[in-house]
Amino acid sequence: MTNTSQSTSNDPFGDYRAETAAIEVTVAIFISLSATFGNSLVVYVISKVSRLRNDTNLFILNLALTDIAMGTIYMPFKIANLCTGVWNFSQVWCQMTGSILFILAYASIFTMGLIAFNRYIKVLKPTLYRKLFPSKRAARMYCVLVWLFSILLDIPLLTSWVRFSYEEKLNQCKLMSYAYPTFTWAVFTNGVMIAIFYCYYKIYKAVKESTDNLNAHAEGNGAHSSNDSRRSNITDVKVSKVCFTVACFYVITWCPVSIVAGTGISRFAIGQKFSKVSVYLMLSGSVVNPFIYGFMNPQFKQAFKRILSCGCYGNENTDQSHSRNRVG
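- Going by the annotation in an unreviewed UniProt entry, the name recorded for the protein chain is G-protein coupled receptors family 1 profile domain-containing protein, with Pocillopora damicornis given as the source organism.
- Taken from UniProt, the Sequence similarities (unreviewed entry) comment for the protein chain reads in full: "Belongs to the G-protein coupled receptor 1 family."
- You can read under Subcellular location (unreviewed entry) in the UniProt record for the protein chain the words "Membrane".

**Some details on the overall build of the protein chain**
- Across its full length, the protein chain holds twelve helices and two strands.
- The buried share of the protein chain, reckoned over its 328 residues, is 44%.
- Taking as baseline every contact in the protein chain between residues at least 6 positions apart, the subset at least 24 positions apart corresponds to 74%.
- Summing over all exposed atoms, the protein chain offers an accessible surface of approximately 17300 Å²; the carbon and sulfur share of this is 64%.

**Structural notes on the UniProt feature "transmembrane region" (unreviewed entry) in the protein chain**
- Mapped onto the present numbering, the UniProt feature "transmembrane region" (unreviewed entry) falls at residues 20-46, 58-77, 97-121, 142-162, 182-201, 242-265 and 277-296.
- When the span residues 20-46 is considered, its composition is 100% helix and 0% strand, and the gap between its end C-alpha atoms is 39 Å.
- Taken end to end, residues 277-296 is 100% helix and 0% strand, and its first and last C-alpha atoms sit 28 Å apart.

**Looking at the nonpolar core**
- Judged by nonpolar contacts, the single largest core of 80 residues is most densely connected at Ile196 and Tyr293.
- Examining the composition of this core, we find that 17 residues originate from one element, helix H4 (residues 91-124), more than from any other.

**Digging into the packing of aromatic side chains**
- For the structure on display, the rule yields 20 aromatic pairs.
- Aromatic side chains Phe149 and Phe188 sit 5.5 Å apart centroid to centroid with 75° between the ring planes, which places their arrangement in the edge-to-face category. One end of the pair, Phe149, is in helix H6 (residues 136-153); the other, Phe188, is in helix H8 (residues 179-221), with 39 residues separating them in the sequence.
- Taking the centre distance of 5.9 Å and the plane angle of 70° together, the rings of Trp161 and Tyr180 count as edge-to-face.

**Describing unusual backbone geometry**
- With phi around 70°, Ser160 is a residue other than glycine that occupies positive phi space.
- Summarising the element assignment, Ser160 is placed in the loop between helix H7 (155-158) and strand E1 (164-167).

**Some remarks on the state of the cysteines**
- Applying the stated rule across the entire model yields one disulfide.
- Residue pairing for Cys94: its cysteine sulfur links by disulfide to Cys173, the two sulfurs lying 2.1 Å apart. Residues Cys94 and Cys173 are joined through a disulfide that is left-handed, its torsion about the S-S bond being -140°. A residue pair is termed long-range when its members are at least 10 positions apart, and Cys94 in helix H4 and Cys173 in strand E2 (residues 172-175) qualify at 79 residues. Taken as a pair, Cys94 and Cys173 share a single burial class, namely buried.

**What to know about the packing of helix H3 (residues 55-84) against H4**
- Two elements in contact, H3 and H4, have axes separated by 9 Å at closest approach and are oriented at 165°. Here H3 is positioned roughly antiparallel relative to H4, judged by the angle of their axes. Crossing of H3 against H4: the hand is left-handed.
- Residue composition of the contact of H3 with H4, grouped by class: 16 nonpolar, seven polar and two charged.

**With respect to a nonpolar patch on the surface**
- Taken together, the side chains of Met141, Val144, Leu145 and Leu148 make up a nonpolar region of the molecular surface, amounting to roughly 380 Å² of accessible area.
- Here Val144 lies in helix H6.
- For Val144, a relative accessible area of 48% translates into the label partly exposed.

**Re H6**
- Helix length check: H6, at 18 residues, gives a terminal C-alpha distance of 26 Å against a target of 26 Å (1.5 Å per residue), a fit within 8%.
- Within H6 the residues assigned to the buried category are Ala138, Ala139, Cys143, Val146, Ser150 and Leu153. Considered in projection along H6, the buried side chains sweep an arc of 150° and stay on one side of the axis. Exposed residues pointing more than 90 degrees away from the buried face of H6 are listed as Arg137 and Leu148.

**Examining helix H11 (residues 298-310)**
- The first and last C-alpha atoms of H11 sit 18 Å apart over 13 residues, in line with the 18 Å expected at 1.5 Å per residue.
- Residues of H11 that are buried include every one of Gln299, Phe300, Gln302, Ala303, Phe304 and Ile307, and no others.

**Thoughts on the confidence of the model for the protein chain**
- On average, the protein chain scores 79 in pLDDT, and the residues at 70 or more come to 77%.
- Here residues 1-9 scores under 50 on pLDDT; set against residues more than four positions off or in separate chains, the count is zero contacts.
- Predicted confidence for residues 317-328 stays below pLDDT 50, and this span has 21 contacts to residues more than four positions away or in other chains.

**Re the environment of Pro256**
- In this structure, Pro256 sits in helix H9 (residues 227-263).
- Beyond its immediate chain neighbours, meaning those up to four positions away, Pro256 contacts Phe274, Ser278 and Leu281.

Conventions used here
Residues numbered from 1 in each chain as written. Predicted model: local features only at pLDDT ≥ 70, side-chain atom pairs only at ≥ 80, totals over all residues. Heavy atoms only, no water. UniProt positions renumbered as here; feature names shortened; annotations may be inferred. Helix = DSSP H or I, 4+ residues; strand = E, 2+ residues; numbered from the N terminus. Buried < 20%, exposed > 50% of the residue type's maximum accessible area, 1.4 Å probe, protein only. Contact = heavy atoms within 4.5 Å. Areas by Shrake-Rupley, 256 points an atom, 1.4 Å probe, with all protein chains shown as cover. Core = buried A, V, L, I, M, F, W, Y, C linked by side-chain atoms within 4.5 Å. Phe/Tyr/Trp six-rings, centres within 6.5 Å; stacked < 30°, edge-to-face > 60°. Disulfide = S-S within 2.5 Å. Axes fitted to C-alpha atoms, helices over the stretch in contact; angles between N-to-C directions. Parallel < 35°, antiparallel > 145°, perpendicular 65-115°, else oblique. Left-handed = near helix turned anticlockwise from the far one by under 90°. Nonpolar A, V, L, I, M, F, W, Y, C, P; charged D, E, K, R; others polar. Patch = residues over 30% accessible without salt bridge, like charges linked within 9 Å, V, L, I, M, F, W, Y side chains within 5 Å. Salt bridge = Lys/Arg side-chain N within 4 Å of Asp/Glu carboxyl O. Expected span 1.5 Å × (residues − 1). Arc of directions from axis to C-beta. pLDDT = per-residue confidence, 0-100.

Dropping the structure here:
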C-alpha cells in the first residue's frame with residue numbers, strides 16, 4: 001500500500017499516461033485489422049469478379065495492396081512499440097520500418113496519380129487511351145513501375161544515408177534529417193497532387209460539356225438517340241467521382257504529417273501532440289478506401305454485401321445478370 005502511494009505521488013501523471021498508451025494501442029490495433037480486412041475484401045472482389053478486372057480497378061487493387069502492407073508490415077512494429085513504450089528491435093529495423101512507411105506513401109500517391117491520368121485519357125482522349133492502356137498486362141506493368149520508382153526514391157533511407165532513430169517522446173522512429181525526404185516529398189508528391197486535381201477538373205468540364213450537348217441533342221431528336229452516350233457519360237462520372245474522393249481523403253489524412261515533416265514542429269511540446277495525432281490520421285487513410293468503394297461504387301457495394309452475408313461471392317454469372325447495367 002505504501003509503495004503504491006509513493007509511486008502515485010512520485011508520478012501523478014502515471015495513470016494518465018497508462019490510459020493514453022492503452023488508447024493508442026487500441027487505435028493502432030483497430031487501424032491494422034480494419035486496413036487489412038477492408039482492403040483484402042477489395043483485392044478478393046477484383047480477383048474474383050472478371051468484369052471488375054479492368055485497368056482502373058487493377059490500379060485500385062494496387063492501392064489496396066499498399067494499404068494491406070501498411071496494416072501487416074508496418075503496423076505490427078508500431079503496436080509492439082506502443083505496448084512496451086520502448087523500441088524493442090534493432091536500429092536496422094528502426095531504419096527499415098521508417099523506410100517502408102515512405103515506400104508505401106510514395107506508392108499510394110503515385111498509384112492515385114496513375115488512376116487520375118487513366119481517367120483523364122479515357123474521357124478526354126479515347127484514341128490515345130487505346131495506345132497507352134491497351135491491355136491488363138500494360139496496367140500491371142504500370143503498377144510494377146510505380147513500386148520500382150517508389151523504392152528508387154527511398155534508396156537513401158534504405159541505405160541509411162538518411163537515418164532514423166527512436167524518439168521516446170513521440171514513441172516512434174523518427175528521421176534525423178528532413179532535408180532529402182522533404183525535398184522529394186515536396187517535388188514529387190505535390191507535383192502528383194496538382195496533376196491529380198488538374199485531371200479531375202478537366203474530366204468534370206469535359207463531362208459537363210458533353211452532358212449539356214447530349215441534353216440539347218435529345219430535346220431536338222428524341223431522348224432515345226443518345227442513350228448509349230448518356231450511359232457512358234454516367235459511367236465515367238461515377239468512376240471518376242470515386243477516384244477523386246479517394247484522392248481527397250488521401251490529402252486530408254496525409255497533410256498534417258507532411259506539415260510536421262516539413263516544419264520540424266515535433267521538436268516543441270505542443271508540436272509533439274500534433275505530431276502524434278497526425279501519425280494516426282495518416283495511418284487511418286489505409287482504412288478509408290474500402291468504405292468509399294462500398295458506398296459509392298454499386299458493383300463493389302453489392303459484392304461486399306454478398307461476401308459479408310454468406311462468406312463467399314457466389315456465382316459470378318448470376319451476379320452479372322443482376323447488375324449488367326450497373327456502373328463499374
